[in-house]
Amino acid sequence: TISHDPSLIQSIFSTNSGASDYTPNSDFIWLYIDSQGNIETQIRSTEMYGAEVIEGPNVLDDLWHEAKVTFSDGLLELWLDSELIGSVDNVPVDVINPVTDIEIGSENYGDQCRCFLGYISEVVVTNNSATVIDFPFSSGAGGILYDHSGNANHGTINGNIIWEENIYGCTDEQ
């Protein structure tokens, strides 16, 4: 579920690392909830000023959703709950910088934090069908989020950390 503050854009995933929306010469992919509660994605490269945007539906319905952004060979796609929401073709981006910091659940934008007001259960990043990062948010300790891809791309968690163990199924004793 997602809380809503109509004055905020809520960042879910970003490779923007604090650049302004209008900063030229910055490559990024961004998945976020806009101020009306709609899920959206953007991509921008050094080859363009502005960004390609795909707008999705409102997700403020108190349900879990699976969001996926794919980008390959100039094709950007936004998926929600296994349904293609929209796509943009011929985006002039060859590759997003692989050493760029990834921000999950927030994005620092000048002096403003675009904090996500919901829950994230997992983030998976792939490059050419190979998993680069796999962060199940049930696997970490202290300020470390463990990468399960086998690549040891462990993450550092900043801010308030609350680890919860989910127990599924029947818990009655026999």
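Up top is the structure.
Conventions used here
- Residues numbered from 1 in each chain as written.
- Predicted model: local features only at pLDDT ≥ 70, side-chain atom pairs only at ≥ 80, totals over all residues.
- Heavy atoms only, no water.
- Helix = DSSP H or I, 4+ residues; strand = E, 2+ residues; numbered from the N terminus.
- Buried < 20%, exposed > 50% of the residue type's maximum accessible area, 1.4 Å probe, protein only.
- Contact = heavy atoms within 4.5 Å.
- Areas by Shrake-Rupley, 256 points an atom, 1.4 Å probe, with all protein chains shown as cover.
- Pairing = 2+ DSSP bridges.
- Phe/Tyr/Trp six-rings, centres within 6.5 Å; stacked < 30°, edge-to-face > 60°.
- Lys NZ or Arg CZ within 6 Å of the ring centre and 35° of its normal.
- Polar contact = N/O pair within 3.5 Å; in protein donor to acceptor, adjacent residues only side chain to side chain.

The subject of this paragraph is the overall build of the protein chain. Helices and strands together make up the secondary structure of the protein chain, namely zero helices and 15 strands. The buried share of the protein chain, taken over its 174 residues, is 32%. Summarising the internal contacts of the protein chain: among those between residues at least 6 apart in sequence, 37% fall at separations of at least 24. Accessible surface for the protein chain amounts to roughly 10,700 Å². Of this, 46% is attributable to carbon and sulfur atoms.

Now for the sheet that holds strand β4 (residues 52-58). Strand order across the open sheet formed by five strands is β4-β3-β2-β1-β8, with antiparallel pairing between neighbours. Among the strands making up the open sheet, the edge pair consists of β4 and β8 (103-104). Taken together, the five bridges between strand β3 (residues 38-44) and β4 define a ladder with antiparallel strand orientation. Opposite threonine 41, over in β4, you have isoleucine 54 as the bridge partner.

In this section: the packing of aromatic side chains. Here the structure, examined in full by the defined rule, presents one aromatic pair. Ring geometry for tryptophan 30 and tyrosine 32: centres 4.0 Å apart, planes at 25 degrees, overall stacked. Residue classification places tryptophan 30 among the buried positions, given a relative accessible area of 1%. Cation over ring: lysine 68 sits above tryptophan 79, and NZ or CZ is 5.2 Å from the ring centre.

Turning our eyes to something else, we now look at the side chain of glutamate 40. As for its position among the elements, glutamate 40 is in strand β3. At 2.6 Å, the side chain of glutamate 40 forms a polar contact with the side chain of tyrosine 32. Those residues in contact with glutamate 40, other than ones at most four positions away along the chain, are Trp30, Leu31, Tyr32, Asp34, Val53, Ile54, Glu55, Gly56 and Leu78.

Turning to its location among the elements, tryptophan 64 is positioned in the loop between β4 and β5 (67-72). Considered as a pair, tryptophan 64 and glycine 118 are 54 residues apart in the sequence and their alpha carbons are 9.8 Å apart. The contact partners of tryptophan 64, leaving out residues within four places of it in the chain, are Asp81, Tyr119 and Ser121.

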